[in-house]
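Below are the chains, spelled out letter by letter.
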Amino acid sequence: GLRCGAPAPVDRRGVPEPGDCTGSVTNPTDDYAATTPLEIPVVVHIIQNSLGDGAISDATVASQIEILNEDFLALAGTPGEPGSYSAIRFALATVDPDGNATDGITRSTNDTWFADGGSYWESLAWDTSRYMNIYTNSAGGYLGYVPAFPQDGITGQAADRVVVAWASFGRDSSAGPPYDQGRTATHEVGHY
């Protein structure tokens, strides 16, 4: 079946690491308890092929951002309600890296990039220290993935990204049940 393509975490048990969150253990102290929501600006890079596969509407992108907020904020009355409140809120970017107004969505047509090849992130990434970059394409045949975990040193690099198969992106996507409710992105953002 379909699955996540994120790399298996490295087993770091027995290897001393500073802090309370490592590659093998996440046990934050009360110092990290969720309080005021942190808003993360998101840019969604939609990559389609020359046949139009991969085209995603603005409404579908908006629904995916809503789903991330339902899940990360454990909003009452949504499928995210049983989760844990993380105090993380997502919003499409309103200002691009050059200070210009934006809707937080970019669109590219490129067959190689759509096939998850060609280092597209080198051309498309917005400053990964200021924006969460989500890319939609074929995701290399997976439902989605992150190329590495933060503790592996990818933070701040152009390759620091979330990739989601375009057909499983947003609410009522074309992937069909059970992959059509936007939870693939929730899962991958959790890795991120």
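Conventions used here
- Residues numbered from 1 in each chain as written.
- Predicted model: local features only at pLDDT ≥ 70, side-chain atom pairs only at ≥ 80, totals over all residues.
- Heavy atoms only, no water.
- Core = buried A, V, L, I, M, F, W, Y, C linked by side-chain atoms within 4.5 Å.
- Buried < 20%, exposed > 50% of the residue type's maximum accessible area, 1.4 Å probe, protein only.
- Helix = DSSP H or I, 4+ residues; strand = E, 2+ residues; numbered from the N terminus.
- Contact = heavy atoms within 4.5 Å.
- Expected span 1.5 Å × (residues − 1).
- Salt bridge = Lys/Arg side-chain N within 4 Å of Asp/Glu carboxyl O.

Looking at the nonpolar core
A general tendency of soluble globular proteins is for nonpolar side chains to be buried together.
Here comes step 1: Residues Leu68, Phe90 and Ile134 are the most contacted members of the largest nonpolar core, which totals 20 residues.
Here comes step 2: At the level of secondary structure, the elements contributing two or more residues to this core comprise β1 (38-48), α1 (58-72), β4 (132-137), β6 (162-165) and α4 (183-191).
Here comes step 3: Per-element tally for this core: the top contributor is α1, with four residues.
Here comes step 4: Residues contacting Phe90, with those up to four places away along its chain left out, are Ile40, Val42, Ile65, Leu68, Asn69, Phe72, Met132 and Val189.
Here comes step 5: Counting 14 residues, the second-largest nonpolar core is a separate cluster that includes Ile47, Tyr135, Tyr145 and Ala159.

Remarks on unusual backbone geometry
Here comes step 1: Going from Pro177 to Pro178, the amide bond is cis rather than trans, its omega being 0 degrees.
Here comes step 2: When you line up the elements, Pro178 lands in the loop between β6 and α4.

Digging into α1
Here comes step 1: Helix length check: α1 (15 residues) gives 21 Å between terminal C-alpha atoms against 21 Å at 1.5 Å per residue, within 8%.
Here comes step 2: Among all positions in α1, only Val61, Ser63, Gln64, Ile65, Ile67, Leu68, Asn69, Glu70, Asp71 and Phe72 are buried.
Here comes step 3: Those residues of α1 that are buried lie in contact with β1, β2 (88-92), β3 (105-109), β4 and α4.
Here comes step 4: Looking one or two residues past α1, Ala74 carries a phi angle of roughly 50 degrees, positive in sign.

Remarks on the pattern of salt bridges
Here comes step 1: Within this structure, the stated rule accounts for six salt bridges.
Here comes step 2: When the shortest N-O distance is used, the salt bridge between Glu39 and Arg89 registers 2.8 Å. Residue Glu39 is found in strand β1, and its partner Arg89 is found in strand β2; the two are separated by 50 residues along the sequence.
Here comes step 3: Residue classification places Arg89 among the partly exposed residues on the basis of a relative accessible area of 35%.

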